[in-house]
Amino acid sequence: MSTEAGANPIEAQQGGELAETLAEAMAGIADMYDHLLDDARARTKNSDVSNGFNVFKNSTYQSFIDVQNHGIQVANNIQSGAGSIAEADWENAEDFSQTWHGHRDINFD
């Protein structure tokens, strides 16, 4: 952990891009899960097993949708945060560059 305050907007944006890549990889996971279980159910000859696949799918499908949505939201939040950091830095750059103008250097020795 750094001892400095603040953030690097470029690194934050890169983190957002990595999160976006992960979210894109997760896109469609719920549909793939749905098709996989439907295919497995269709291949079984046993009605109890087929019913078991239906019960399992119905109890877990929403979790896969949630994972997709969370991945997208994480990517959006990281990128939004990086943009806000960059905007705040830009808006305050002039104020910070003039803060110590005309003041003596502070010596902490």
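Before reading further, recall that the structure is shown in the block above.
Residues numbered from 1 in each chain as written. Predicted model: local features only at pLDDT ≥ 70, side-chain atom pairs only at ≥ 80, totals over all residues. Heavy atoms only, no water.

J.: Would you explain the overall build of the chain in this entry?
T.: Along the chain, the regular secondary structure elements total three helices and zero strands. When the helices and strands of the chain are read in sequence order from the N terminus, they spell out α-α-α. Here the chain holds 109 residues, and 14% of them are scored as buried. In the chain, once contacts between residues fewer than 6 apart in sequence are set aside, the share between residues at least 24 apart is 76%. Counting every atom, the chain has about 8700 Å² of accessible surface; 55% of that belongs to carbon and sulfur. (Helix = DSSP H or I, 4+ residues; strand = E, 2+ residues; numbered from the N terminus. Buried < 20%, exposed > 50% of the residue type's maximum accessible area, 1.4 Å probe, protein only. Contact = heavy atoms within 4.5 Å. Areas by Shrake-Rupley, 256 points an atom, 1.4 Å probe, with all protein chains shown as cover.)

J.: Any chance you could explain the side chain of Lys57 here in plain terms?
T.: Mapped onto the secondary structure, Lys57 falls in helix H3 (residues 47-98). Only 2.6 Å separates the side chain of Lys57 from the side chain of Asp34, close enough to count as a polar contact. Not counting chain neighbours up to four residues away, the residues in contact with Lys57 comprise Tyr33, Asp34, Leu37 and Asp38. (Polar contact = N/O pair within 3.5 Å; in protein donor to acceptor, adjacent residues only side chain to side chain.)

J.: Is there a simple way to think about the environment of Ser80 in this case?
T.: Inspection of the secondary structure assignment puts Ser80 in helix H3. Judged by its relative accessible area of 45%, Ser80 falls in the partly exposed class. Considering only alpha carbons, one finds Ser80 and Gln13, 67 residues apart in sequence, at a separation of 8.5 Å.

J.: What is the right way to read the side chain of Thr60 from this model?
T.: If you trace the backbone, Thr60 turns up in helix H3. In this structure the side chain of Thr60 is engaged in a polar contact, spanning 2.7 Å, whose partner is the backbone oxygen of Phe56.

J.: Before we go on, may I ask you to explain the packing of aromatic side chains in this structure?
T.: A ring pair, where both rings are aromatic, is described by two values, the distance of the centres and the angle of the planes. Taken as a whole and judged by the stated rule, the model has two aromatic pairs. Plain terms: the ring middles of Tyr33 and Phe64 are 3.9 Å apart, the flat faces sit at 20° to each other, and that makes the pair stacked. Taken together, the positions of Tyr33 in helix H2 (residues 29-43) and Phe64 in helix H3 put the pair 31 residues apart, joining distant regions of the chain. With relative accessibility at 9%, the residue Tyr33 sits in the buried group. Among the aromatic residues, those joined into a ring-pair cluster are Tyr33, Phe56 and Phe64. (Phe/Tyr/Trp six-rings, centres within 6.5 Å; stacked < 30°, edge-to-face > 60°.)

J.: Whenever I open this one, helix H1 (residues 9-26) confuses me. Can you help?
T.: Owing to its 3.6 residues per turn, the α-helix aligns residues three or four sequence positions apart on the same side. When the terminal C-alpha atoms of H1 are compared, their 25 Å separation across 18 residues agrees well with the 26 Å that a helix rising 1.5 Å per residue should span. Those residues of H1 that sit buried are Gly16, Ala19, Ala23 and Met26. One face of H1 carries all of its buried residues, which in axial projection span an arc of 70°. Turned more than 90 degrees away from the buried face of H1 sit Ile10, Glu11, Leu18, Glu24 and Ala25, all of them exposed. Two residues or fewer after H1 comes Gly28, characterised by a positive phi angle close to 90°. (Expected span 1.5 Å × (residues − 1). Arc of directions from axis to C-beta.)

J.: What is the right way to read the environment of Val67 from this model?
T.: One can find Val67 in helix H3. Put simply, Val67 and Ala27 are 40 residues apart on the chain and 9.2 Å apart in space, counted from C-alpha to C-alpha.

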